[in-house]
Amino acid sequence: MGRYRRRMYEDYGQEFNNDEHFEMAYKKVKRIKGFYSHLKVYIMVNIIIIVSSLNRIYIGDHLEIRGFQNWEIYSTAFYWGIAVVIHAFTVFGPDIFFNGDWEQRKIQKYMDKEASNTNKWE
């Protein structure tokens, strides 16, 4: 057991009914932390790649930047971005956009709308 995990377990161990719930929560937090680390590295590396690949040319008194049209610059960001999206779906699951709360809110919204339409003519 890691030092941080042991300390958390000692501090909050009595609050957990079952060790399995703590283990599942700990693994979920670990996966989310791994995703955010992956996203941070993705952003930093791609900023460095894009900025370093730009060609700067001084023409007279003004600066002309070339290199925005090269696919080679953005291909790493594109393909790695696909991997980041896949990683997000594995961490947050298929309910990332349409979770149970969303479904309940939509049902309630349509029920309220229907109720307001029926009361409109009374």
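Keep in mind that this is a model prediction, so the values were computed, not measured.

How each quantity is defined
- Residues numbered from 1 in each chain as written.
- Predicted model: local features only at pLDDT ≥ 70, side-chain atom pairs only at ≥ 80, totals over all residues.
- Heavy atoms only, no water.
- Helix = DSSP H or I, 4+ residues; strand = E, 2+ residues; numbered from the N terminus.
- Buried < 20%, exposed > 50% of the residue type's maximum accessible area, 1.4 Å probe, protein only.
- Contact = heavy atoms within 4.5 Å.
- Areas by Shrake-Rupley, 256 points an atom, 1.4 Å probe, with all protein chains shown as cover.
- pLDDT = per-residue confidence, 0-100.
- Expected span 1.5 Å × (residues − 1).
- Phe/Tyr/Trp six-rings, centres within 6.5 Å; stacked < 30°, edge-to-face > 60°.
- Patch = residues over 30% accessible without salt bridge, like charges linked within 9 Å, V, L, I, M, F, W, Y side chains within 5 Å.
- Salt bridge = Lys/Arg side-chain N within 4 Å of Asp/Glu carboxyl O.

The number of helices and strands found in the protein is 4 helices and 2 strands. When the helices and strands of the protein are listed from N to C terminus, the series reads α-α-β-β-α-α. Split into buried and exposed, the 122 residues of the protein put 14% on the buried side. In the protein, 50% of the contacts between residues at least 6 apart in sequence involve partners at least 24 apart. Accessible surface computed for the protein: about 10,300 Å², of which carbon and sulfur atoms make up 60%.

With that settled, consider the confidence of the model for the protein. Scored by pLDDT, the protein comes out at a mean of 77, with 65% of its residues at no less than 70. Across the protein, the element-wise mean pLDDT spans from 61 in helix 1 (residues 3-12) up to 90 in helix 3 (residues 71-92).

A few words now on helix 2 (residues 19-53). Here helix 2 contains 35 residues, and its C-alpha end-to-end distance of 51 Å stays within 8% of the 51 Å for a straight helix at 1.5 Å per residue. Within the sequence span of helix 2, burial applies to Phe-22, Glu-23, Phe-35, Tyr-42 and Asn-46.

This part covers helix 3. The terminal C-alpha atoms of helix 3 lie 31 Å apart, and with 22 residues this matches the ideal 32 Å at 1.5 Å per residue to within 8%. Along helix 3, the positions that sit buried rather than exposed are Ile-73, Ser-75, Ala-77, Gly-81, Val-84, Ala-88 and Val-91. Buried residues belonging to helix 3 abut helix 2. Looking one or two residues beyond helix 3, the residue adopting positive phi is Gly-93, at roughly 80°.

Before going further, it helps to spend a moment on the environment of Gly-34. Within the fold, Gly-34 resides in helix 2. Looking at Gly-34, the relative accessible area reads 32%, which means it is partly exposed.

Under the defined criterion, the tally for this structure stands at 5 aromatic pairs. Considering the side-chain rings of Tyr-42 and Trp-80, the 5.4 Å spacing of their centres and the 90° angle between planes classify their relative orientation as edge-to-face. Placement of Tyr-42 in helix 2 and of Trp-80 in helix 3 is noted, with a sequence separation of 38 residues between them. For Tyr-42, a relative accessible area of 17% gives the class buried.

Okay, a nonpolar patch on the surface next. On the surface, a cluster of nonpolar side chains totalling about 550 Å² of accessible area is made up of Trp-71, Phe-78, Tyr-79, Ile-82 and Ile-86. Its location among the elements puts Phe-78 in helix 3. Given a relative accessible area of 44%, Phe-78 falls into the partly exposed group.

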